[in-house]
Structure formats: C-alpha cells, structure tokens
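Working through the structure, step by step
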Amino acid sequence: MARRSSGFILVSVMLTVTLLITSATAFAWFARNEAYRAAARENILRFRSAAEIAVSEIAKSIAEDKNGYDAYTEVLYSPYQRTKIDVGNYTFTAQIKPLNDKISTDGLFLPDGITLRSEYEYAWSAIWDELKHPELAEIVLDFMSKSSKQRLGGSSRQENINRPITDLTELKAVKEIDNKILWGTKEFPVGLADYTDVIGGQKLNFNIAKPEVIAKLDSDLSLELAKSIATYRLTSPFKSLEDLRRVPGFPAALSTKLANIIGFESTYFMLIMKGKDGSGSQRNFKVIITRGGAVQSWEE
C-alpha cells in the first residue's frame, strides 16, 4: 500500500513539474513575442517620425519652386529623379509627382455644392459617353450634390451621400457602378479613374494632364490637338493662357471659355517614398500633401 502511495505521489510530482515547465516555457515564448512586438512597434513609430521629417523637408523644396509652373520636365518632378533625404539614422528616397492631372470630383461643382460648373458640363457628359453609360452622368451628380432635390435626368435615392466623395470607391454605393466602370477591364481598359480623381480642386494642370483628359474638356479640343499640347509643353512648359495660345491650332476663344478650369501649377503632390534605417530595415510610404505642406493622406 505504501509503495502504491509513493508511486502515486511521484507521478503527481512529475506531472506538476511538467506542467510548471510547460507553463514557464509558454510564458517565456509569450514574453519574447511581446518583446519582439514592442520592438517592432517602436521601430515603426521611429520610422514614421523620421518619414514625417522627410516629408516636411520635401515640402520645403516644393514651396521653393516658384517658377510659375509644375511639369515633369523640371528636375524636381522628373519621373527619373529621386530626392534623397537623410534623417539621423534613416535615409529616404522620394519620387515627387505633381497632381491636378485629372478632373477633380470636388471641383465639379460651384461653391454651392449643387450647380455643375458650366466649364465642366461637356467634359462630364463626354466621360460617361466614353464609359458607355451616359445615363449615369446625372445620377452620380445627384449622389454627390449637397441638395437632395432630384436633378433632371438624375435620381433622388436614399443612398445618396449628398457631399463630396473622399475616394472613388464611394461611388460603388450607386447600384449601377462597379469596378469595371471605375477602373476598366482587360477587355475595356478605360474607367472613370482615368479621367477623374477626388484630389485636385477646380483647375486642371495643363503641364501634366494626359492628352486623353485634356481632349475631354471641349468639343474643339480633339485628341490630336491635345497631343500637340503635350508635345509643346516638353520644351516650353505653360505659365499662362498666352503661352497656351501659342500652340499651333489652339482656338484662342477656347482659352477664354475654359479659363476658370485651366491651370499650370499643382496644388497637390504625391510622394512615393522608400526608407531604410542603419540596420537595413525598409519601409515604403505614399503621401499626398498640399503645396503648403499639409498632409492629405498617408499610406505605408
């Protein structure tokens, strides 16, 4: 009987010791993983802080560019140029892309948020004709318009947000709109995103806008003329409407008609940044800032 009791006690002790060892091992793994997570979080925060300093330095370079135009022919904005910024133990390289290269959904309306700018009436219809959904032109305007009153040809719906959109994907709340309409497909590689953006404001920068976008502004702007504009600006970037009138074949009356929506500088810029620290760790950032340096969006 005593031997059985001793054996039972020994087994109990062994089980207890095993349990304690297992618990200690599990706790050690947990503690180590938590330490790794804490170190990773700290590294991310330090990286982000350094990136914020780099962004502010790049904003200064943009602010110092006061030549009256923003174009890819400038060294600062060349697609092949990378701006290098050292921040302590961190090194960042950034491609700076001027925006305002597409028609901004926020700039479509007059300040009342209801009335479509007359200068964009043709463009807005032409874009939806290109997408083969002309019936959606007024429906989408109703969706974004500050007024809940139905537009002619539009639709007053419960899902209408009646405010400017913050991302093109918000338009998918309109039941007729899907990814094909927004981004295009292999079979039909043209989408709303090729012509519009939420960033930009009222004016389109004629120094960087694609010919396909420029050609949508007016019936007198053929794609051939838009391509001529794109060719001309490679050697002579535009600073004024007078410069634009020098493009062979450009209708003089058109510069007056579209004066309120034609620009030559950008108010928004995209920074595509790659960062590396002293240990070799890397992080990527995509930041949109205003000309004044205010951050509009931050992705990493």
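In short, a report on the structure. (Residues numbered from 1 in each chain as written. Predicted model: local features only at pLDDT ≥ 70, side-chain atom pairs only at ≥ 80, totals over all residues. Heavy atoms only, no water.)

1. Concerning the sheet that holds strand S7 (residues 268–277)
This is how it is decided: In short, DSSP must find at least two bridges between two strands for them to pair. Helix and strand definitions here come from DSSP, where helices need a minimum of 4 consecutive H or I residues and strands a minimum of 2 consecutive E residues; each element is numbered from the N-terminal end. In this description, a line fitted to the C-alpha atoms serves as the axis of each element, helices being fitted only across the stretch in contact, and the angle between N-to-C directions of two axes falls anywhere from 0 to 180 degrees.
Within the open sheet, the 5 strands sit side by side as S1-S2-S7-S8-S9. Their pairing is antiparallel. Of all the strands in the sheet, the pair left with one neighbour each is strand S1 (83–87) and strand S9 (295–299). Strand-to-strand twist of the sheet, defined as the mean angle between neighbouring strand axes without regard to direction, takes the value 25 degrees. Here 9 bridges tie S7 to strand S8 (residues 282–290), and the two strands are oriented antiparallel to one another. Within S8, the residue paired with Tyr268 across the bridge is Thr290.

2. Quick word on helix H6 (residues 223–235)
What counts here: Burial classes follow relative accessibility: with a 1.4 Å probe on protein chains only, a residue under 20% of its type's maximum area counts as buried, one over 50% as exposed, and anything between as partly exposed. The directions from the helix axis to the C-beta atoms form the arc being described.
By the burial criterion, the buried members of H6 are Leu225, Ala226, Ile229, Ala230 and Arg233. Angularly, the buried residues of H6 cover 150 degrees about the axis, an arc narrow enough to put them on a single face. Turned more than 90 degrees from where H6 packs its buried face, Glu224, Thr231, Leu234 and Thr235 sit exposed.

3. Quick word on the nonpolar core
General note: in soluble globular proteins, nonpolar side chains tend to be found buried as a group. This is how the line gets drawn: Only buried residues count toward a nonpolar core, which is a set of Ala, Val, Leu, Ile, Met, Phe, Trp, Tyr and Cys residues joined through side-chain atoms within 4.5 Å. Throughout, a residue-residue contact means that at least one pair of heavy atoms, one from each residue, lies within 4.5 Å.
Formed by 54 residues in total, the largest nonpolar core has its most connected members in Trp128, Met144, Leu171, Phe206 and Leu217. For this core, the secondary-structure elements that each account for two or more residues are helix H2 (121–130), helix H3 (136–144), helix H4 (179–183), helix H5 (211–214), H6 and S7. In terms of residue count, H3 provides more of this core than any other element does, 7 residues in total. Not counting residues within four places of it along the chain, the set of residues in contact with Met144 comprises Thr105, Leu108, Phe109, Trp124, Asn162, Arg163, Pro164, Ile165 and Leu171. Counting residues in each nonpolar core, the second largest holds 21 residues, with Ala51, Val55, Ala59 and Val287 among its members.

Keep in mind these numbers describe shape, not what the thing actually does.
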